[in-house]
Protein chains: 2
Amino acid sequence: MHIAYIQFAPALADLEATLERLRPFLEKCANADLIVLPELCNSGYNFSSRKQAAAAAEPYRRSRFIDVLVEHCRQRDCRVVSGFNERDGDTLFNAAVLIGPDGPLGRYRKLHLFKDEKDIFAPGDLGLPVFDVGMAKIGMLVCFDWIFPETWRVLTLRGAEIICHAANLVLPGMAQRAVPVQAMMNRVFVVTANRVGAEGRLTFTGASLIVDPLGEVLAAAPQEGPHAAVVEINPLRARDKMVTPRNHLISDRRPAEYAALVKSPE
Amino acid sequence: MHIAYIQFAPALADLEATLERLRPFLEKCANADLIVLPELCNSGYNFSSRKQAAAAAEPYRRSRFIDVLVEHCRQRDCRVVSGFNERDGDTLFNAAVLIGPDGPLGRYRKLHLFKDEKDIFAPGDLGLPVFDVGMAKIGMLVCFDWIFPETWRVLTLRGAEIICHAANLVLPGMAQRAVPVQAMMNRVFVVTANRVGAEGRLTFTGASLIVDPLGEVLAAAPQEGPHAAVVEINPLRARDKMVTPRNHLISDRRPAEYAALVKSPE
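Everything quoted here is computed from the prediction, not taken from an experiment.

A. Seen up close, the sheet that holds strand S14 (residues 227-232) of chain B. Residues and elements named next belong to chain B. Across the sheet, which stays open at both edges, the six strands sit in the order S5-S4-S3-S2-S1-S14 with mixed pairing between neighbours. This sheet does not close on itself; its edge strands, each paired only once, are strand S5 (103-109) and S14. Each strand of the sheet is rotated relative to its neighbour by a mean of 30°, with strand direction disregarded. In this fold helix H3 (residues 64-76) packs onto strand S2 (34-36), strand S3 (79-88), strand S4 (91-100) and S5, with an angle of close to 165° to the strand it touches most, S3.

Right, here's the structure in full:
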């Protein structure tokens, strides 16, 4: 199985310009079975207003962006995970979508909103789903979700073998340092597809990553400029949770001792 | 506040030899308010039999090892966290003890046993307690506990500002890579006191660490040989959980979405 990230700069509120930029990189990843794209890939990130964000958002079931990616999946027999500015009625979600040759296969809505996203998007309401696409079981995270170790762990407990992390990271180096450790502590593959470029005062930090279940970095992008990488993996490696012949990463857990993790704050 | 680790090689089943080795390093840390020592510091690690482990174990309330450390704490007005081979009736625990000038202040029993420890020790039954010693709130972990992200998080949620990690690490580089990320993701100080030397076929990996709440390494020991480091910190920094002006590491959590973390495996 071949997995890939595409690191590039989506155009703010200009879907056609974004698709123009994206196409050559999709072609570069022609042999990929799974491609991960950055957060809010259909819209850009740093909106001047909620109105601009809403105008650039698309419904999950009626999206030109998703249509283009479905067509790519059909031609190349692949799957794409992408960040997606989703409009659902009057509500916007900072979502990620899983797309296949026959249409969208599932979505995730960012649980942990970053800074002023809180003025634009509603917090995610679809939990942390895992989707079986045949070749592998896939979980999705969006950007700032990374700083909550619970997210990686819940996806792992639900069977995720590849965690696709669509990002528009702005805090330099933090997530890129944490992601390989999350892969190692959960024994999963991770693809972090980060964007580059600047929008207003925000500069995005690139350095997209593909990491294996031992925390080894299989591919890494520069901090600036567009970049794509395709890596061959065996997703079954993520099913091996034996740290030693007598230590299983999941069955050695002590869930009864972790009750504090699910208590609401007082 | 000054915090320290002492990295050295406890002597297997020879408490007096261990104390002999330890004393000059305790003196080197004379200005420390908190000193962290390795796992099973009163007994060594790689026992030839459970019987040998039991003979080297001590009760929490009647321990020559703890007495010596209480005396040090009294002289230097400090606290010590140490790994401790604890005998409770017929049961052995791979414990950590928090020691002050007036005696032991609390203990923790390793929740996640590594490899053949499962033949010797009972799994921890005291949860993940946090102790307020005035200058800071202290949580304890023992060695392999590190690979379970739940442990760091539960201690953080209970208010730990400094997590004292007593270790006899043998998997090279894994914990040392993860610990700074755990500090960063939980915004706590961490002191990993690892041992060095070899016992039978096991070689311990040294590289003890002190890390701040941003994941910066404040002190690091070599992989081989004894070493002590004392670092001045402001423990209040661990109370600042604001990642951005609008993002609080704890109150931004979505505990209702984390239910899978506390479910028993099927």
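Moving on from the coordinates now.
B. Representation of the pattern of salt bridges. By the definition in use, this model includes 38 salt bridges over all chains. The partner of Glu27 of chain B in a salt bridge is Arg76 of chain B, with the nearest N and O atoms 2.5 Å apart. Taken together, the positions of Glu27 of chain B in helix H1 (residues 15-28) and Arg76 of chain B in helix H3 put the pair 49 residues apart, joining distant regions of the chain. Overall, the relative accessible area of 37% leaves Glu27 of chain B in the partly exposed class. Of the residues examined, Arg76 of chain B reaches a relative accessible area of 34% and is grouped as partly exposed. Where Arg74 of chain B meets Glu71 of chain B, a salt bridge forms, and the shortest distance between an N and an O atom there is 3.4 Å. Taken as a pair, Arg74 of chain B and Glu71 of chain B lie in helix H3 at a separation of three residues, close to a single helical turn. For Glu71 of chain B, a relative accessible area of 34% corresponds to the partly exposed category. What you see here is one network of salt bridges that share partners, running through Glu86, Asp88, Arg107, Arg109 and Asp125 of chain A.

C. Structural detail: the relation of the copies chain A and chain B. Once chain A is rotated about the relating axis by 180° and shifted along it by 0.0 Å, it coincides with chain B to within an RMSD of 0.0 Å. Such a turn and shift between the copies fits a two-fold axis. A share of 100% of the interface residues of chain A reappears at the interface of chain B, consistent with the copies meeting face to face through the same patch.

D. Region of the structure containing the interface of chain A and chain B. In this assembly, 54 residues from chain A lie in contact with 54 residues from chain B. Regarding the contact of chain A and chain B, the summed buried area is about 4900 Å², with carbon and sulfur atoms giving 63% of it. For the pair chain A and chain B, the number of links is 10 salt bridges. A salt bridge links Lys118 of chain B to Asp252 of chain A; the nearest nitrogen and oxygen atoms lie 3.1 Å apart. Inspection of the region where chain A meets chain B yields 26 residue pairs in polar contact (both at pLDDT 80 or more). For the side of chain A that touches chain B, the leading source of residues is helix H5 (residues 174-186) of chain A, giving eight residues.

The rules behind these values
Residues numbered from 1 in each chain as written. Chains lettered and ligands numbered in written order. Predicted model: local features only at pLDDT ≥ 70, side-chain atom pairs only at ≥ 80, totals over all residues. Heavy atoms only, no water. Pairing = 2+ DSSP bridges. Helix = DSSP H or I, 4+ residues; strand = E, 2+ residues; numbered from the N terminus. Axes fitted to C-alpha atoms, helices over the stretch in contact; angles between N-to-C directions. Contact = heavy atoms within 4.5 Å. Salt bridge = Lys/Arg side-chain N within 4 Å of Asp/Glu carboxyl O. Buried < 20%, exposed > 50% of the residue type's maximum accessible area, 1.4 Å probe, protein only. Least-squares fit on C-alpha atoms with pLDDT ≥ 70 in both. Buried area = accessible area lost by both parts, 1.4 Å probe. Polar contact = N/O pair within 3.5 Å; in protein donor to acceptor, adjacent residues only side chain to side chain.

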